[in-house]
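Structural overview
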Amino acid sequence: MTDTAQAVDISERKGGSARWFALAVIALAQLMVVLDATIVTISLPFAQQDLGISDGNKQWMLTAYTLIFGGLLLLGGRLADYLGRRRIFIIGLVGFAAASALAGLAQNGAEMFAGRALQGAFAALLAPAALSLLSVTFTEPGERATAFGVFAGISAGGAALGLIAGGALTEYASWRWCLLVNTPIALIALLGALAWVVKDVPTPRTGGYDVPGAVTVTLGLIAIVYGFSRAADDGWLSGSTLGLLIAGAALLIAFVAIERRSANPLLPLHIPGEINRGGAFLAALLVPIAMFAMFLFLSYYFQITLGYSSLKAGFAFLPFPAGIAISAGVTSALLPKLGPRPLMVAGAVLGVLGLLWLAQLGFGDGYATSVLPSQVLIALGMGPLFVGMQTVALHQVEEADSGVASALLNAAQQVGGAVGTALLTTISVQTAKSYAESHATIDNLIARASIHSYDVAFYVGAGFFLAAVPVIALMIRDRPENLIEGSEDGARPVHVGV
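Computed from a predicted structure; not experimentally measured.

**Considering the pattern of salt bridges**
Charged atoms that come close allow side chains of opposite charge to pair. As enumerated under the stated definition, the model contains 6 salt bridges in all. Here R78 ties to D81 by a salt bridge, and the two come within 3.1 Å at their closest N and O atoms. Taken together, the residues span about one helical turn, with R78 and D81 both in helix α4 (residues 60-83) at a distance of 3 residues. Each of R78, D81, R85 and D200 takes part in one network of salt bridges that share partners.

**Section: a nonpolar patch on the surface**
Nonpolar side chains collect at one region of the surface, where I326, V330, L334, L338, V376 and L380 lie side by side and expose about 460 Å² of accessible area between them. Residue assignment for the nonpolar patch shows that the elements contributing at least two residues are α15 (319-338) and α17 (367-392). Position of L338 relative to the elements: it lies in helix α15. Under the relative-accessibility criterion, L338 is labelled partly exposed at 45%.

**Re helix α11 (residues 239-261)**
With 23 residues, α11 should cover 33 Å at 1.5 Å per step; its first-to-last C-alpha distance of 33 Å lies within 8% of that length. What α11 keeps buried is the set T241, G248, F255, I258 and E259.

**A word on the domain arrangement of the chain**
Size of an interface, as often reported, equals the accessible area lost when the parts are brought together. We note that the domain assignment places domain 1 (13-198), domain 2 (210-263) and domain 3 (268-480) within the chain. Computed over C-alpha atoms only, the centres of domain 1 and domain 2 are separated by 25 Å. Taken together, the contact pairs 10 residues of domain 1 with 11 residues of domain 2. When the two sides are added together, the surface that domain 1 and domain 2 hide from each other amounts to roughly 830 Å², 71% of it contributed by carbon and sulfur. Inspection of the region where domain 1 meets domain 2 yields 0 salt bridges. Scanning the region where domain 1 abuts domain 2 turns up 0 residue pairs in polar contact (both at pLDDT 80 or more).

**What about the environment of A400?**
Among the structural elements, A400 can be located in the loop between α17 and α18 (402-438). Taking the C-alpha atoms as reference, A400 lies 5.3 Å from T203; in sequence the two are 197 residues apart.

**Focus: the environment of Q30**
Among the secondary structure elements, Q30 is positioned in helix α2 (residues 18-35). Residue Q30 is classed as buried on the basis of its relative accessible area, which comes to 4%. Along the primary structure Q30 and L353 are separated by 323 residues, whereas in three dimensions their C-alpha atoms are 29 Å apart. In this structure Q30 touches A127, F151, I154, S155 and N410, once residues within four positions along its chain are discounted.

**Topic: the packing of aromatic side chains**
For any pair of aromatic rings, the description rests on two quantities: the centre-to-centre distance and the angle between the ring planes. What the rule picks out here adds up to 9 aromatic pairs. Residues F302 and Y308 carry aromatic rings whose centres are separated by 5.6 Å and whose planes lie at 15° to one another, so their mutual orientation is stacked. Residue classification places F302 among the buried positions, given a relative accessible area of 0%. The class of Y308 is buried, set by a relative accessible area of 18%. Through a chain of ring-to-ring contacts, the aromatic side chains of Y301, F302, Y308, F317 and Y367 assemble into a single cluster. Taking the ring centre of Y82 as reference, the NZ or CZ of R78 above it sits at 5.1 Å. Between the NZ or CZ atom of K312 and the centre of the ring of Y308, over which it lies, the distance is 4.4 Å.

Analysis parameters
- Residues numbered from 1 in each chain as written.
- Predicted model: local features only at pLDDT ≥ 70, side-chain atom pairs only at ≥ 80, totals over all residues.
- Heavy atoms only, no water.
- Salt bridge = Lys/Arg side-chain N within 4 Å of Asp/Glu carboxyl O.
- Helix = DSSP H or I, 4+ residues; strand = E, 2+ residues; numbered from the N terminus.
- Patch = residues over 30% accessible without salt bridge, like charges linked within 9 Å, V, L, I, M, F, W, Y side chains within 5 Å.
- Areas by Shrake-Rupley, 256 points an atom, 1.4 Å probe, with all protein chains shown as cover.
- Buried < 20%, exposed > 50% of the residue type's maximum accessible area, 1.4 Å probe, protein only.
- Expected span 1.5 Å × (residues − 1).
- Domains from an automatic or database assignment.
- Contact = heavy atoms within 4.5 Å.
- Buried area = accessible area lost by both parts, 1.4 Å probe.
- Polar contact = N/O pair within 3.5 Å; in protein donor to acceptor, adjacent residues only side chain to side chain.
- Phe/Tyr/Trp six-rings, centres within 6.5 Å; stacked < 30°, edge-to-face > 60°.
- Lys NZ or Arg CZ within 6 Å of the ring centre and 35° of its normal.

Structure (structure tokens):
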């Protein structure tokens, strides 16, 4: 049976609506993965106190997840290609459920950190498998745009929803439920995957798993992400920070050299080498840096400066996911007609304007006039950016490589988020200290210094949004129909099996 006939046969037997149920399952899994990066943020002080975690080690509740997640994504993507995307998706769901239970039931810091690291490892299986499953499930341009719109909305808004959910669970249940809630969600997604996600045919493997490439890229990414994390505490010029960043860069250079010579590379270099995809990956690195400027410092502003409760602080972010849902839906409708480039440029410009507005925040300003309008502008920009990035990242990618292309996109976003957290935290701390030293006699010094440091971070974040504009304008250049359908020579048929 040919690939096309096989796809049609499965569509007839499964029913045309099955793929939309599959989309719901994939989106639920992606939401769980994205939520987990921020859901513990508001509950962090409570978990730290209960488990006796020191101030120096509290960062591991966040970085243990992002370090392992970012470091193992490429390997997870290649495993999805070789062992089957549906199979790896299911393994990821089971493992994520177990790891979430371990972290939520932790009795000490070591158990918590181990559970968070395992969550990151299984998220590295889930995320690339989920995105590549979309690419082989939806092949008609209009439906594909809709599917990517839903997925992009989840990816961009999930971090804000995590803050809302974390605030509610911390206030009305316990900080433990910020982690335990993933277990029933993962099990529900598992049942849905078994029922509706169509089994794909793995890529035939003619060689090994490129172990040298897997080791060097994983250690390189971990070293870079950890190096940026350490910079917030130790400084950019400290031996630990520079050593980690230099080692990470050296390992990534070695990885490229290995991939150039490998007969069966973990990351075929033609994937980031194609100019449209390269633009998407660079944008995926820059945009989260800017976005974290808003999440990180508004969370402090709401709870410390304005004195919001955990729940109220979470709900203060609600306009962000709502705006993304609207803009992602509009983008999905316009994408087949206009293509990603103009929509993504418009999104980046809105992000710049939103952060510049937010950078005008002053002592005594209110939420409705200073924060809300900027959140709306940024949210309306994030929908086009994430829909466009996720569409173009799979531009002209053979089905056999869709898992690793999806993983590279996720890895870029994770590294960008880690860079944003470390860079902007360091800048903020230094700015606040300098402001306090030069304005020692003014009233409400701590609050004013904090707000000033946030404003500087927002300006820096706006700069990263602005840097994404020429990247998008110059590198994403193909015709809309080619970018949506997947290949200048026509989209490949979906290769699926039962």
